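Here are the chains, one letter per residue:
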Amino acid sequence: MAASPPQAVSIVLVGMPGCGKSTVGRHLARQFGYRFTDSDSDIEARLGHSIREHFERYGEASFRDLEQTVIGELSGEGRVVLATGGGAVLREVNRLALRRGGNRVVYLRSSPEELARRLRHDTQRPLLQGGDALKKLRDLFRVRDPLYREVAHYVIDAGRTSLPTLVNLVAMQ
Ligand code: S3P
């Protein structure tokens, strides 16, 4: 089993919807004895309703503003594993916040094809509903893959790797 990180830094997971940030993050947190946080769950707890509902009622920009506030707060905590929403890297202010204070950022990279397969039954992600989900994922990936790479210290191929291997790969970094 991989060792815990040498210092009390936080670990931030970024990547497309469905790449496994929350699942991997929960396991990593357990392994390191860190607290697990998920920016989307935090946002939903503050809203008192789902992100999907929020998009429908108030639009994406309102969600992104709240996401920025939450990312700003959670990225400043030490000894957490933070799973971020897939669009958290879109704003530069978030990319800067995620790397601050020695945080290590890991990009769990999956292809749009693999993500479409995993998310084929999803009804909760507003940006993927209605129409051709694979095309939507390809469009998002084209814009975001360079941003994930920009913010990340490490890129890990999450496409077809098993969960225990993924957790160990991240831990080894
Ligand atoms: C989003 C991804 C979602 C959530 C929101 C917007 C995006 O998080 O933050 O629906 O822009 O890709 P996941 O990456 O956990 O699905």
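Just above, that's the structure.
Residues numbered from 1 in each chain as written. Predicted model: local features only at pLDDT ≥ 70, side-chain atom pairs only at ≥ 80, totals over all residues. Heavy atoms only, no water.

Quick look at the overall build of the protein now. Looking only at helices and strands, one finds eight helices and five strands in the protein. By the compact-globule yardstick of 16 Å for 173 residues, the protein fits well, its C-alpha radius of gyration being 15 Å. Across the 173 residues of the protein, 46% fall into the buried class. Once local pairs closer than 6 in sequence are excluded, the contacts in the protein between residues at least 24 apart make up 74%. Carbon and sulfur atoms make up 50% of the accessible area of the protein, which totals about 8500 Å². Taken as two groups, the 26 positive and 20 negative side-chain charges of the protein have centres that lie 4 Å from each other. (Helix = DSSP H or I, 4+ residues; strand = E, 2+ residues; numbered from the N terminus. Rg over C-alpha atoms; globule rule 2.2 N^0.38 Å. Buried < 20%, exposed > 50% of the residue type's maximum accessible area, 1.4 Å probe, protein only. Contact = heavy atoms within 4.5 Å. Areas by Shrake-Rupley, 256 points an atom, 1.4 Å probe, with all protein chains shown as cover. Lys, Arg positive; Asp, Glu negative; His and termini not counted. Charge placed at Lys NZ, Arg CZ, Asp CG, Glu CD.)

Quick look at the nonpolar core now. The biggest cluster of nonpolar side chains holds 48 residues, and the ones touching the most others in it are V14, L28 and L108. For this core, the element with the most residues is helix α7 (residues 133–151), which contributes six residues. (Core = buried A, V, L, I, M, F, W, Y, C linked by side-chain atoms within 4.5 Å.)

Among the 13 residues in the neighbourhood of the ligand, the closest are listed as K21, D40, R64, R125 and R144. In the model, an oxygen atom of the ligand is placed 2.7 Å from a nitrogen or oxygen of the D40 side chain. Relative to its unbound accessible surface of 390 Å², the ligand loses 92% to contact with the protein. Of the residues that constitute the shell around the ligand, the class distribution is five nonpolar, three polar and five charged. (Near = heavy atom within 4 Å. Polar contact = N/O pair within 3.5 Å; in protein donor to acceptor, adjacent residues only side chain to side chain. Nonpolar A, V, L, I, M, F, W, Y, C, P; charged D, E, K, R; others polar.)

Inspection of every chain in the model, using the stated rule, returns 17 salt bridges. Here K135 and D139 are joined by a salt bridge, their closest N and O atoms 2.7 Å apart. One end of the pair, K135, and the other, D139, are both in helix α7, four residues apart, so they sit about a helical turn from each other. Its relative accessible area of 47% is what places K135 among the partly exposed residues. Using a relative accessible area of 29% as the deciding quantity, one classes D139 as partly exposed. Taken together, the shared-partner salt bridges connect D42, R46 and E73 into one network. (Salt bridge = Lys/Arg side-chain N within 4 Å of Asp/Glu carboxyl O.)

Attention now goes to the sheet that holds strand β5 (residues 154–157). The sheet built from five strands is open, its strands ordered β2-β3-β1-β4-β5 with parallel pairing. Across the chains shown, the open sheet's two edge strands, defined by having one partner strand only, are β2 (35–38) and β5. Each strand axis lies, on average, 20° off the axis of its neighbour in the sheet, ignoring direction. Bridge count between strand β1 (residues 11–14) and strand β3 (residues 80–83): three bridges; the pairing is parallel. What sits directly across from V12, in β3, is L82. Strands in contact with helix α2 (residues 39–47) are β2 and β3; relative to β2, the strand with the most contacts, it is inclined by about 65°. (Pairing = 2+ DSSP bridges. Axes fitted to C-alpha atoms, helices over the stretch in contact; angles between N-to-C directions.)

Packed helix pairs are characterised by how far apart their axes lie and by the angle those axes make with each other. Axis separation between α2 and helix α4 (residues 60–74) bottoms out at 10 Å; the angle between their running directions is 115°. The element α2 and its partner α4 pack so that their crossing is right-handed. From α2, S39, D40, D42, I43, R46 and L47 reach across to α4, where they touch F63, L66, E67, T69, V70, I71, E73 and L74. (Left-handed = near helix turned anticlockwise from the far one by under 90°.)

Phi angles above zero are rare outside glycine, and R79 is one such case at about 55°. When you line up the elements, R79 lands in the loop between α4 and β3.

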